[in-house]
Amino acid sequence: FTFREINLKNLKPELRLLGKLINATLIDTPFFFAKSEAEWYDLFKSLKPIIKNENIIFALKNGREIGYLFWHHNYNQLTDKNKNSALMLISKLMLHKKQLTEIKINAFGVFPKYFASGAVIGLFNELVERTQNRFTGGETGFICEDNTRSKALTKRYCGEPYRNYALYELDV
């Protein structure tokens with residue numbers, strides 16, 4: 001496998017690729033809904049001011065992207081639980097970004113046929129290479145209870161979970 005960072009100077013085609021990868025690798029995840037190319041573009045272009053090329057890593061097999069890992073600073077370190085506004089968060093981010101000591105793994109995935117191939121470990125090794133001397137810890141996003149692969153990988157790299165969530169489905 002080889003790995004590369006996203007090229008934010010080539011934003012539209014790169015986000016098209018990332019959106020297709022996310023849709024394809026998360027389609028069987030409960031509560032995930034595939035998005036159109038335009039929806040992915042709108043979502044990620046708004047993040048452009050606060051992410052760098054290093055924040056999105058692609059895994060390639062024979063020159064073809066087969067997986068991704070999207071990480072960023074853990075902006076929750078800047079939020080006040082009682083006063084959360086986007087404007088306040090952006091202001092704090094501009095003033096205090098260097099004070100952020102943790103990362104957040106927002107999303108990652110590989111095509112199922114590469115689960116046991118080393119691509120996932122390779123993506124995490126790439127992440128560690130980029131972050132190990134700059135951050136002291138991190139967290140992942142929501143992982144479904146029955147996703148044993150992701151839970152084991154997260155435990156290996158992030159330790160024991162420190163909080164859990166419950167989701168309830170209601171017919172409305």
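The residue count restarts for each chain, going from 1 along the sequence in the order it is written. This being a predicted model, a pLDDT of at least 70 is required before a residue's local features are given, and a value of 80 or more before pairs of side-chain atoms are given or counted; all residues contribute to the totals for chains, interfaces and linings. Excluded from the side-chain calculations are hydrogens and water; all other atoms, namely the structure's heavy atoms, are used.

Chemist: Would you mind showing me how to read the overall build of the chain here?
Modeler: Runs of H or I in DSSP of at least four residues are treated as helices and runs of E of at least two as strands, each being numbered from the N terminus. A tally of regular secondary structure across the chain gives five helices and five strands. Scored against the burial criterion, the 172 residues of the chain give a buried share of 36%. Whether two residues are in contact is decided by their heavy atoms, any of which lying within 4.5 Å being enough. The contacts of the chain with a sequence gap of at least 6 include a subset with a gap of at least 24, amounting to 71%. Surface accessibility in these figures is a Shrake-Rupley result with a 1.4 Å probe; residues are shielded only by whichever protein chains are displayed. Carbon and sulfur atoms form 53% of the exposed surface of the chain, whose accessible area is close to 11300 Å². Summary of the burial criterion: residues with accessible area below 20% of their type's maximum are buried, those above 50% are exposed, and those between are partly exposed, where the area comes from a 1.4 Å probe applied to protein chains only.

Chemist: Would you mind going over the pairing of strand β2 (residues 56-61) with me for this structure?
Modeler: Along a regular strand, successive side chains alternate from one face of the sheet to the other. Counting buried positions along β2 yields five of six residues, so the element is predominantly enclosed. Strands were regarded as paired on the criterion that DSSP finds at least two bridges between them. Bridge count for β2 against strand β3 (residues 64-73) is six bridges, and the pairing is antiparallel. For I57, the partnering residue across the bridge sits in β3 and is L69. Two successive antiparallel strands, β2 and β3, enclose a turn made up of two residues, where N62 displays a positive phi of approximately 55 degrees.

Chemist: So what exactly am I meant to see when it comes to the packing of aromatic side chains here?
Modeler: The relation between two aromatic rings is expressed through the spacing of the ring centres and the mutual angle of the planes. Stacked, tilted and edge-to-face pairs are distinguished by plane angle, under 30 degrees for stacked and over 60 for edge-to-face with tilted covering the rest, among Phe, Tyr and Trp rings (Trp via its six-membered ring) whose centres lie within 6.5 Å. Under the definition given, this model contains five aromatic pairs. Judged by centre distance (5.0 Å) and plane angle (90 degrees), the ring pair of F108 and F124 falls under edge-to-face. With F108 in strand β4 (residues 102-110) and F124 in helix α4 (residues 119-131), this residue pair connects regions lying 16 residues apart in the sequence. Residue classification places F124 among the buried residues on the basis of a relative accessible area of 1%.

Chemist: Would you mind going over the packing of helix α1 (residues 11-26) against helix α2 (residues 37-45) with me for this structure?
Modeler: Helix packing for two helices is described by the angle between their axes and how far apart those axes are. Note on method: axes are straight lines fitted to C-alpha atoms, helices fitted across the in-contact stretch only, with angles between N-to-C directions ranging 0 to 180 degrees. Taken N-terminus to C-terminus, the directions of α1 and α2 make an angle of 115 degrees; their axes are 9 Å apart at the nearest point. For the element pair α1 / α2, the angle class is roughly perpendicular. Between α1 and α2 the crossing geometry is right-handed. Contacts between α1 and α2 involve L11, K12, L15, R16, L18, G19, I22 and N23 from the first element and E37, W40, Y41, F44 and K45 from the second. For this classification, under 35 degrees means roughly parallel, over 145 means roughly antiparallel, 65 to 115 means roughly perpendicular, and everything else is oblique. By definition, any crossing whose near helix is turned counterclockwise from its far helix by less than a right angle is left-handed, and any crossing with a clockwise turn is right-handed.

Chemist: Hey, could you run me through the nonpolar core in this one?
Modeler: Nonpolar cores were defined as sets of buried Ala, Val, Leu, Ile, Met, Phe, Trp, Tyr and Cys residues, with membership established by side-chain atoms within 4.5 Å. Grouped together as the largest cluster of nonpolar side chains are 35 residues, with contacts concentrated most on L18, I22, F44, I56, F58, Y68 and L69. Where this core is concerned, the elements lending two or more residues are α1, α2, β2, β3, β4 and α4. Take this core: its biggest share by element is six residues, from α1.

Chemist: Is there a simple way to explain the sheet that holds β3 in this structure?
Modeler: Backbone hydrogen bonds hold the strands of a sheet together, and the pairing may be parallel or antiparallel. If you walk across this open sheet you meet the five strands as β1-β2-β3-β4-β5, and the pairing is mixed. Strands with a single pairing partner mark the edges of an open sheet, and in this sheet they are β1 (2-5) and β5 (137-140). Across the sheet, the mean angle separating the axes of adjacent strands is 25 degrees when strand polarity is ignored. Against the sheet, α1 contacts β1, β2, β3 and β4, and its axis sits at roughly 95 degrees relative to β3. Contacting β1, β2, β3 and β4, α4 runs over the sheet at an angle of about 155 degrees to β4.

Chemist: Teacher, can you tell me more about unusual backbone geometry here?
Modeler: Negative phi values dominate among residues other than glycine, just as trans dominates among peptide bonds. The residue N62 is not glycine, and still its phi comes out positive at about 55 degrees. Within the element layout of this structure, N62 appears in the loop between β2 and β3. Since its relative accessible area comes to 77%, N62 is described here as exposed.

Function cannot be inferred from these measures alone, as they are strictly geometric.
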